[in-house]
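Listed here are the chains, written in short residue letters.
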Amino acid sequence: MQLVRRLRRDGCLARHWDIPSAARCLWAVTSQRVWSDLVEDQGWSTARYRRHLTALLEAALLAPEPEPQPAMDADRTAPGTGTGEDGLGEAGGEAPTG
């Protein structure tokens, strides 16, 4: 549960998980039984098991990474706002209306 708590603290745990449920999922998926079923019974290599379990757990537990925001110059308009950094409209320093 310590790992899941750290993920939550660092903002990395996907929102839909509470700590106890995420910890139980992590415990179940990484159990000796799952390893035995895949490696011993199904013939997966340890490397394949590690790759697939890592991908599965990352997709299931981690929050999506935020999209990088475009850099904004002081004299340019902020994307999607219609105003520059100073909050003034583009037309000769007038304050935005509406």
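Residues numbered from 1 in each chain as written. Predicted model: local features only at pLDDT ≥ 70, side-chain atom pairs only at ≥ 80, totals over all residues. Heavy atoms only, no water.

Now for the confidence of the model for the chain. Scored by pLDDT, the chain has a mean of 81; 68% of the residues are at 70 or more. Averaged pLDDT values for the elements of the chain fall to 95 in helix H1 (residues 2-9) and rise to 97 in helix H3 (residues 32-41). Counting interchain partners and residues more than four positions distant, the pLDDT-below-50 stretch residues 84-96 has 18 contacts. (pLDDT = per-residue confidence, 0-100. Helix = DSSP H or I, 4+ residues; strand = E, 2+ residues; numbered from the N terminus. Contact = heavy atoms within 4.5 Å.)

The nonpolar side chains of a soluble globular protein tend to be buried, and buried together. In terms of nonpolar packing, the biggest core is built from 15 residues, with Val-4, Leu-13, Trp-17, Ala-22 and Leu-61 touching the most fellow members. Not counting the four nearest positions on each side in its chain, Val-4 is found in contact with Leu-13, Ile-19, Ala-22, Ala-23 and Leu-26. (Core = buried A, V, L, I, M, F, W, Y, C linked by side-chain atoms within 4.5 Å. Buried < 20%, exposed > 50% of the residue type's maximum accessible area, 1.4 Å probe, protein only.)

In the contact formed by helix H2 (residues 19-29) and helix H4 (residues 46-61), the axes pass within 11 Å of each other and the chain directions differ by 165 degrees. The orientation of H2 relative to H4 falls into the category roughly antiparallel. When you trace H2 past H4, the crossing you get is right-handed. Contact with H2, carried on its side by Ala-22, Leu-26 and Val-29, involves Tyr-49, Leu-53, Leu-56, Leu-57 and Leu-61 of H4 and no other residues of that element. For the contact of H2 with H4, a count of residues per class yields eight nonpolar, no polar and no charged. (Axes fitted to C-alpha atoms, helices over the stretch in contact; angles between N-to-C directions. Parallel < 35°, antiparallel > 145°, perpendicular 65-115°, else oblique. Left-handed = near helix turned anticlockwise from the far one by under 90°. Nonpolar A, V, L, I, M, F, W, Y, C, P; charged D, E, K, R; others polar.)

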